[in-house]
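Letter by letter, the chains look like this.
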Amino acid sequence: MSLGFSGEVTEFYHRYRRGYPTAVFDAIAAEFALAGDDVVLDLGCGTGQLAVPMAARVGAVAGMDPSPDMLSRARRAAAEAGVTNASWLLGGDTDITALNSLLDGLGAVTIGQALHWMDHVTLFSAVKPMLRPGGGIAVVTNGMPLWLQDSDWSRALLDVLSDWFGHPLTAACGTDGASQDRYRAALAGAGYEVGLRTIDYTGDLTAGEIIGGVYSAMGEDALPPSGERPAFENRIRSAIEPHAPFREPVRVTILAGRVP
């Protein structure tokens, strides 16, 4: 699985990636005292799962992503939601210093389950001068990958995927405790006041949603060819269906670094 979120993967990502409960946006707004005159930068915005709902709480949101296809779908999602105060920027964490003069005095920078693609130590220091006093960075996770959860259906899914790719899948995409500890230490080292909030919820999935979620995590070059997908999907269904229903306990973590 790789960073290649373009083409067909974009629609899988938009359709099957979890959204965030309202409580997540309440917590981020409260953490940084966000108001109607604030601007929020959502870095690694994907198709807008954080940026689009956040726009209702602040003056403007800028979503930034290295994939033109993801930005195009985010723009459509904003239009479909009636959001008119969102802008979309092509770029990644290494481009952040180019925004210093454009986005000075930010209320917050949000990073939703994308920090594992970035140089977080460099990023945290680069962002700090762009933030207003009391503003900060929110590193947000939204549960563990579908194939790394503590359930029989998840373990069965992991077996299928490990066999398909020819190696065990162990990367937790920054949701694991060790990654969170590294992020916390880096925020503190960069001079932020660090806090953690968690929000728990439970969802129910269908086999089709699990398969779509798997596709959403694949780079475009890792998707099974269209002719092989029925067999791939049947292998997943056969493995997980004995373990239905597919309940998914989700813990959202908001690791917040606030400028004093």
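None of the values given here were measured: they were computed from a predicted structure.

Cut-offs applied
Residues numbered from 1 in each chain as written. Predicted model: local features only at pLDDT ≥ 70, side-chain atom pairs only at ≥ 80, totals over all residues. Heavy atoms only, no water. Helix = DSSP H or I, 4+ residues; strand = E, 2+ residues; numbered from the N terminus. Rg over C-alpha atoms; globule rule 2.2 N^0.38 Å. Buried < 20%, exposed > 50% of the residue type's maximum accessible area, 1.4 Å probe, protein only. Contact = heavy atoms within 4.5 Å. Core = buried A, V, L, I, M, F, W, Y, C linked by side-chain atoms within 4.5 Å. Phe/Tyr/Trp six-rings, centres within 6.5 Å; stacked < 30°, edge-to-face > 60°. Salt bridge = Lys/Arg side-chain N within 4 Å of Asp/Glu carboxyl O.

Caption draft 1: Broad picture of the overall build of the protein chain. Of regular secondary structure, the protein chain possesses 9 helices and 7 strands. The C-alpha atoms of the protein chain give 18 Å as radius of gyration, which agrees with the globular expectation for 260 residues (18 Å, within 12%). If you line up the protein chain on its principal axes, its C-alpha atoms span 55 × 35 × 30 Å. By residue count, 50% of the 260 residues in the protein chain fall in the buried class. Within the protein chain, contacts between residues at least 6 apart in sequence are counted, and of these 80% link residues at least 24 apart.

Caption draft 2: Expanded view of the nonpolar core. Among the nonpolar cores identified, the biggest contains 30 residues, and V24, I28, L34, W88, V140 and I254 are the most heavily contacted of them. Secondary-structure elements contributing two or more residues to this core are α2 (22-31), α3 (51-54), α4 (68-80), β3 (86-90), β5 (131-142) and β7 (246-258). If sequence neighbours within four positions are ignored, V140 has contacts with Y20, V24, I28, L50, I111, G112, Q113, V252, T253 and I254. Judged by nonpolar contacts, the second largest core, of 28 residues, contains L41, L99, A126 and L131.

Caption draft 3: Just the environment of S6, in detail. Mapped onto the elements of the fold, S6 is located in the segment before α1 (8-16). Judged by its relative accessible area of 26%, S6 is partly exposed. Separated by 62 residues in the primary sequence, S6 and P68 place their C-alpha atoms 7.6 Å from one another. S6 has contacts with S67, D69 and E220, leaving out every residue within four places of it along the chain.

Caption draft 4: Quick peek at the packing of aromatic side chains. Considering all chains together, one arrives at 6 aromatic pairs under this definition. With a centroid separation of 5.0 Å and an interplanar angle of 50 degrees, the aromatic rings of F12 and Y215 are classed as tilted. Taken together, the positions of F12 in helix α1 and Y215 in helix α8 (residues 207-216) put the pair 203 residues apart, joining distant regions of the chain. Here the two residues F12 and Y215 agree in accessibility, since each one is buried. Geometrically, the ring pair formed by W153 and F246 is edge-to-face, given 6.0 Å between the ring centres and 70 degrees between the ring planes.

Caption draft 5: Focus on the pattern of salt bridges. The final tally for this structure, using the stated rule, is 14 salt bridges. R57 is the salt-bridge partner of D26, the closest N and O atoms lying 2.7 Å from each other. Placement of D26 in helix α2 and of R57 in the loop between α3 and β2 (60-65) is noted, with a sequence separation of 31 residues between them. The partly exposed category is assigned to D26, whose relative accessible area is 39%. With a relative accessible area of 29%, R57 lands in the partly exposed category. A single salt-bridge network, built from bridges that share partners, covers E31, E193, R197 and R258.

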